[in-house]
Amino acid sequence: MKKRIVIFSGAGLSAESGVPTFRESDGLWETHRIEDVASPEGWAKDAALVLDFYAKRFQKMKTCLPNPAHEAIAELSKHHNVVCITQNIDDLLERAGVKNVWHLHGRIDWKKCEFHEDIPAYRNDLFCCSYKDTISNPITLEDKCPQCGARVRPDVVWFGEAVNMQHDYLEDLVETTDVFIGVGTSAKVYPAAGLLNVFEQAPEKYFIDPKPAREVLAGFKVFDKKASEAMPTLVKSLIGS
Ligand code: APR
C-alpha cells in the first residue's frame with residue numbers, strides 16, 4: 001500500500017551536488033553577512049551587492065547536478081505518495097524528477113517585483129503588485145517590473161520576511177503522514193525548523209545528517225551519514241516495506 005511520506009530538507013541535501021551550505025565552516029554565512037545580502041535592509045542599502053550575490057549563486061546552481069540523494073527521493077516518489085518540503089532554493093529535486101516540492105524559502109531561478117503582494121504589507125508603503133516570473137539569466141538592476149516599473153528582486157525569503165507556511169495544507173499533511181524524513185539541515189532557522197515538532201506524531205521518523213542536531217530529534221531514527229549514502233539505503237528499505 002502507498003504511504004504518505006514527507007521529506008523535509010536543508011542545504012545538506014544539495015551539498016554533494018556542489019551547492020554550498022550556510023552554517024558549516026566553509027558555508028555562505030562565513031563569507032557573507034546575512035544583513036548585507038539576505039535582508040530587506042541589505043536590499044534597501046545596496047541592491048547591486050544583493051543581486052551580485054544571487055547572480056553568482058544562480059550561475060553556480062546551473063552547473064550543479066542532482067546527487068544520489070535527490071535521485072533516491074525521485075525513485076521513492078514512484079512508489080509512495082511523497083511530499084518534499086525544502087528550505088533549499090535550488091531546483092535539484094525537480095531536476096531529479098520529483099514533482100511535489102514545496103519551497104519554503106523560494107527559488108533562486110524565480111524573480112518577483114520588489115513590491116510583490118506576498119511581502120508583508122508593512123513594507124509595501126508605495127503599492128503592491130503580483131509580478132513573478134522565472135529567470136534564465138541573472139537579475140540585473142536594469143530589470144524592471146512590467147506591471148509597475150519597480151525593481152525586480154530574487155523570489156527568495158530573506159531574513160525578516162514571512163515564510164508561506166500554508167497552515168491548512170500542513171494540518172492535512174500532519175494528519176495523513178506515515179513517514180517523516182528530515183535531511184541535511186542544522187534546524188536552526190525558524191519557522192522551518194519547527195516542522196520537526198509539527199510532525200512529532202508521525203508513526204516513523206528518520207533524520208539524515210553527518211552532524212545531526214540531536215537535541216531536537218527525540219523519537220527520530222538518526223543516520224549520522226551523508227545524504228548520498230544514507231538516503232538511497234533508506235529509500236530501498238521504504239520501497240521494500
Ligand atoms: N549530507 C547530509 N547533510 C549534510 C551534508 C551531506 N552531505 N553536508 C552537510 N550536511 C548538513 C550539516 O551537518 C548541517 O546540519 O547540512 C546542514 C546544513 O545546515 P545549514 O548550513 O544551517 O543549512 P540549512 O539548515 O538548510 O539552513 C536553513 O538558513 O540561511 C538559511 O535560508 C537559508 O534555507 C536556509 C536556512
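Note that the coordinates shown come from a computational prediction; the quantities given were computed from them, not determined experimentally.

(A) Region of the structure containing the sheet that holds strand 8 (residues 204-208). Taken together, the 6 strands give an open sheet; going across it, the order is 3-2-1-7-8-9, and neighbouring strands pair in parallel fashion. On the outer flanks of this sheet lie strand 3 (101-103) and strand 9 (221-223), each paired with one strand and no other. Direction aside, neighbouring strands of the sheet carry axes that sit 15 degrees apart on average. Bridge count for strand 8 against strand 9 is 3 bridges, and the pairing is parallel.

(B) Representation of the sheet that holds strand 6 (residues 152-156). Pairing is antiparallel across the open sheet formed by 3 strands, whose spatial order is 5-4-6. With one partner strand each, in any of the chains shown, strand 5 (132-134) and strand 6 form the two edges of the open sheet. Averaged over all pairs of adjacent strands, the angle between their axes in this sheet comes to 40 degrees, without regard to strand direction. For strand 4 (residues 106-113) and strand 6, the ladder comprises 5 bridges, and the chain directions are antiparallel.

(C) Inspection of the pairing of strand 1 (residues 4-9) at higher detail. The buried fraction of strand 1 is high, at 6 of 6 residues. Where burial is concerned, the two faces of strand 1 agree: the one with Arg4, Val6 and Phe8 and the one with Ile5, Ile7 and Ser9 are both buried. Across 6 bridges, strand 1 lies against strand 2 (residues 81-86) in parallel orientation. Across the sheet, the residue bridging to valine 6 is valine 83, located in strand 2.

(D) Focus on the pattern of salt bridges. Taken as a whole, this structure holds 13 salt bridges when the rule is applied. Among the salt bridges present, the one from glutamate 204 reaches lysine 3, with a minimum N-O distance of 3.5 Å. Residue glutamate 204 is found in strand 8, and its partner lysine 3 is found in the segment before strand 1; the two are separated by 201 residues along the sequence. Linking glutamate 75 and lysine 78 is a salt bridge whose minimum nitrogen-to-oxygen distance equals 3.1 Å. In this pair, glutamate 75 and lysine 78 are both assigned in helix 6 (residues 68-79), 3 residues apart and thus about one turn of the helix distant. For glutamate 75, a relative accessible area of 32% corresponds to the partly exposed category. For lysine 78, a relative accessible area of 61% corresponds to the exposed category.

(E) Quick peek at the site of the ligand. With respect to spatial proximity, 22 residues lie near the ligand, and among them Phe22, Trp29, Thr185, Ser186 and Asp209 are the closest. Taking arginine 23, its main chain carries an N or O atom lying 2.8 Å from an oxygen atom of the ligand. Taken by itself the ligand offers 730 Å² of open surface, and the protein chains cover 94% of this. Of the residues contributing to the shell around the ligand, the split by class is 8 nonpolar, 8 polar and 6 charged. Among the domains, domain 1 (1-19 + 66-105 + 162-241) and domain 2 (23-63 + 110-156) are the pair contributing at least three residues each to the shell around the ligand.

(F) How the structure looks around the domain arrangement of the chain. Domain annotation of the chain identifies domain 1 (1-19 + 66-105 + 162-241) and domain 2 (23-63 + 110-156). For domain 1 and domain 2, the distance between their C-alpha centroids amounts to 26 Å. In this complex, domain 1 contributes 10 residues to the contact, which on the side of domain 2 involves 9 residues. Here domain 1 packs against domain 2, burying approximately 780 Å² in sum over the two surfaces, 63% of which is carbon and sulfur. Between the two partners, domain 1 and domain 2, sit 0 salt bridges. For the pair domain 1 and domain 2, the number of links is 1 residue pair in polar contact (both at pLDDT 80 or more).

Parameters and conventions
Residues numbered from 1 in each chain as written. Predicted model: local features only at pLDDT ≥ 70, side-chain atom pairs only at ≥ 80, totals over all residues. Heavy atoms only, no water. Pairing = 2+ DSSP bridges. Helix = DSSP H or I, 4+ residues; strand = E, 2+ residues; numbered from the N terminus. Axes fitted to C-alpha atoms, helices over the stretch in contact; angles between N-to-C directions. Buried < 20%, exposed > 50% of the residue type's maximum accessible area, 1.4 Å probe, protein only. Salt bridge = Lys/Arg side-chain N within 4 Å of Asp/Glu carboxyl O. Near = heavy atom within 4 Å. Polar contact = N/O pair within 3.5 Å; in protein donor to acceptor, adjacent residues only side chain to side chain. Areas by Shrake-Rupley, 256 points an atom, 1.4 Å probe, with all protein chains shown as cover. Nonpolar A, V, L, I, M, F, W, Y, C, P; charged D, E, K, R; others polar. Domains from an automatic or database assignment. Contact = heavy atoms within 4.5 Å. Buried area = accessible area lost by both parts, 1.4 Å probe.

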